[in-house]
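Overview (structure and organization)
One letter stands for each residue in the lines below.
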Amino acid sequence: MTADVPARQVSTVMHVRCPDRLPEELYRQVLEQLSGLSPVVQALPPTAALVELKGALRYHGTDVRRLGEILRVRTLSRLGVDVRVGIGPSITVAATASGQIDAPGGVLAIDPDQVTDWLGPLPVEALHGIGPRQAEALREYGIHCVGLLAAVPRDTVQRLLGGRAGRTAADRARGIDPRPVVPRTLPPSASVRCVFDRHVLDGAAVRAALLDLVVRLGRLLRGRDQAARALTLTLTFAGNSSWEKTRRFPEPSAHDDDLRALAYQLMDAAGLQRGRLSGLVLKGEDLIGAGRVAEQISLDGAREARLVAEAAIDRVRDKFGPGVIGPAAVFRRAS
């Protein structure tokens, strides 16, 4: 399989699986590495992505397996992240292939003329898109592998799994999947984090850390001329378990006042009692340009005064450094 073989005879869809629980910052960097291979990248958060390689084969002058190996070398050497890369003539085959690779990483490329023979012996639950309940329903009727599923009439599969789900499963078992790779990036976000030196209980220290994150995130957003439509708070506990919740703002904002109010609501929603925290992450989600935020006429003089003070404090920090005014002083001065 080489780059000068006609595209219709070559598998050109790449499905990439990153390690589970990969931090979003690293996931975004993996997407940047994919963009170095091809301009057609579809993010599948939180840890997967699709790449269309048709143009990349001609540009790089190599075959798809080699592109997969190049990607692994780049993510390992530059990010310390190994990936599982499946390549096939369709999204279903590529995603099924990546799922058959043992962690931490590897490359598995399936040529178009290998699809039927390769899919056939796989257990039905290995076919991308078949969930545990669907696999259980098929097994109850003796359909244990993808080859048997492909041999069953479509109407029968529809009766077993339901109309649309049955049609989709029957087609994909036969390697039929016309879906294209649609370029899609992650919505922009900005995050700040705090890691405690030792495990702490919810209380003054945690609230002070959260307030510091609010001020840091607000300054970061305003420095980028962005506003957040939503806020996500992630709490990490002793033992590495975590809690996460997202809430949306009534109107997009980058102001400390609004960030603080919603951050405190999220913290209260966690209902902490004796949980020992090891860290906090505060993330502004679904960002837009600050110029797109409508300015509301306000009759709240105190709020207007706080916004004026916020702008002045930003200028002071830009000139003398972020530590010149602490977060507690910001809200005492603005109140």
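Remember, it's a predicted structure, so these values are computed and weren't measured experimentally. By convention here, each chain's residues receive numbers from 1 onward along its written sequence. Totals for whole chains, interfaces and linings use every residue, but because this is a predicted model, local features are given only for residues with pLDDT of at least 70 and side-chain atom pairs only at 80 or more, for both listing and counting. Just so you know, side-chain values use all the structure's heavy atoms and leave hydrogens and water out.

Brief notes about the nonpolar core
Only buried residues count toward a nonpolar core. Its members are Ala, Val, Leu, Ile, Met, Phe, Trp, Tyr and Cys residues joined through side-chain atoms within 4.5 Å. Between buried and exposed lies partly exposed: a residue is buried under 20% and exposed over 50% of the maximum accessible area for its type, with that area taken using a 1.4 Å probe on protein chains only. One finds L231, L235, L277, L280 and L282 to be the most contacted residues of the largest nonpolar core, which totals 30 residues. Each helix is a run of H or I in the DSSP string that is no shorter than four residues. Each strand is a run of E no shorter than two, and both are numbered from the N terminus. Of all the secondary-structure elements, those providing two or more residues to this core are strand 6 (190-201), helix 10 (204-223), strand 7 (226-237), helix 11 (256-270) and strand 9 (276-289). Considering each element in turn, this core owes the most residues, seven residues, to helix 10. Aside from chain neighbours lying at most four places away, what touches L280 is V192, R193, C194, F196, V206, A209, L210, L213, T234, L235 and M267. Judged by nonpolar contacts, the second largest core, of 28 residues, contains V30, V51, A56 and V107. Between two residues, a contact is recorded if the distance between any of their heavy atoms is within 4.5 Å.

Structural notes on the sheet that holds strand 6
With antiparallel pairing, the four strands of this open sheet are ordered in space as 6-9-7-8. Only two strands of the sheet have a single partner each, and these edge strands are strand 6 and strand 8 (242-253). Each adjacent strand pair in this sheet contributes to an overall mean axis angle of 15°, direction not counted. DSSP bridges decide pairing: two strands pair if at least two such bridges lie between them. Fitted lines through C-alpha atoms serve as axes, helices being fitted only where they are in contact, and the angles separating the N-to-C directions of these axes extend from 0 to 180 degrees.

A short note on the pattern of salt bridges
For this document, the term salt bridge refers to a Lys or Arg side-chain nitrogen within 4 Å of an Asp or Glu carboxyl oxygen. A full pass over the atoms with the stated rule returns eleven salt bridges. When the shortest N-O distance is used, the salt bridge between D212 and R216 registers 3.6 Å. On the criterion of helical spacing, the pair formed by D212 and R216 is a turn pair, its members being four residues apart in helix 10. Under the relative-accessibility criterion, R216 is labelled partly exposed at 37%. One salt bridge connects D286 with R248, and the closest N-O pair in it is separated by 3.0 Å. Remark: R248 occurs in strand 8 and D286 occurs in strand 9; sequence separation between them is 38 residues.

Observations concerning the packing of helix 10 against helix 11
Interhelical geometry of helix 10 versus helix 11 gives an angle of 140° and a closest axis separation of 9 Å. On the basis of the axis angle, helix 10 is oblique to helix 11. Considering how the two elements wind past one another, helix 10 and helix 11 form a crossing that is right-handed. Seen from helix 10, the contacting residues are V206, R207, L210, L211, V214, V215, L217, G218 and R222; seen from helix 11, they are D256, L259, R260, A263, Y264, M267 and D268. Should an angle fall under 35 degrees it is taken as roughly parallel, and over 145 as roughly antiparallel, whereas 65 to 115 is taken as roughly perpendicular and any remaining angle as oblique. If you view the pair so one helix is near and one far, a crossing is left-handed when the near helix is turned anticlockwise from the far one by less than a right angle, and right-handed when it is turned clockwise.

Considerations on the sheet that holds strand 4 (residues 84-88)
Strand order in the open sheet formed by five strands is 2-3-1-4-5, with mixed pairing between adjacent strands. The sheet is open, and its two borders are formed by strand 2 (41-44) and strand 5 (106-109), each paired with just one other strand. Within the sheet, the average angular offset between the axes of one strand and its neighbour, ignoring direction, is 15°. As paired strands, strand 4 and strand 5 are joined by four bridges and run parallel to one another. Bridging across to strand 5, V85 finds its partner in V107. Sheet contacts for helix 3 (residues 64-79): strand 1 (13-17), strand 4 and strand 5; angle to strand 5, the most-contacted strand, approximately 165°.

Some remarks on the pairing of strand 8
As judged from the eight bridges shared by strand 7 and strand 8, these two strands associate in the antiparallel manner. By the bridge assignment, L235 is partnered in strand 8 with W243. Where strand 7 folds back on strand 8, the antiparallel hairpin that results is connected by four residues, among which G239 adopts a positive phi of roughly 95°.

Description of the environment of V115
Inspection of the secondary structure assignment puts V115 in helix 5 (residues 115-119). Separated by 26 residues in sequence, V115 and P89 place their C-alpha atoms 8.4 Å apart. If near-sequence neighbours (up to four positions away) are discounted, V115 is found in contact with P89, V93, I110 and G175.

Topic: unusual backbone geometry
The linkage connecting P45 with the following residue, P46, adopts the cis geometry, with an omega of 15°. Mapped onto the elements, P46 comes out in the loop between strand 2 and strand 3 (48-52). Cis geometry is found at the peptide bond from A103 to P104, where omega equals 10°. Position of P104 among the secondary structure elements: in the loop between helix 4 (91-99) and strand 5. Despite not being glycine, D286 shows a phi value in the positive range, around 50°. Exposure remark for D286: the relative accessible area of 25% places this residue in the partly exposed category.

Examining helix 9 (residues 163-173)
Within the sequence span of helix 9, burial applies to G166, A169, A170, D171, R172 and A173. As for helix 9, its buried residues are in contact with helix 4, helix 5, helix 7 (146-151) and helix 8 (154-161). Remark: G175 follows helix 9 within two positions and exhibits a positive phi of approximately 80°.

Quick notes on the confidence of the model for the protein
Detailed reading of the predicted coordinates is not advisable wherever pLDDT is low. Note: pLDDT gives the predictor's confidence per residue, expressed from 0 to 100. Counting all residues, the mean pLDDT for the protein is 86, and 85% of those residues have values of 70 or more. Here residues 1-7 is a poorly scored stretch, pLDDT under 50, and it has twelve contacts once near neighbours within four places are set aside; other chains count.

Things to note about the packing of helix 1 (residues 24-37) against helix 3
At a minimum axis separation of 10 Å, helix 1 and helix 3 run at an interaxial angle of 140°. By the angle between their directions, the pair helix 1 and helix 3 is classed as oblique. When you trace helix 1 past helix 3, the crossing you get is right-handed. On the side of helix 1, the interface is formed by L26, Q29, V30, Q33, L34, G36 and L37, while helix 3 contributes L67, I70, L71, R74, T75, R78 and L79.

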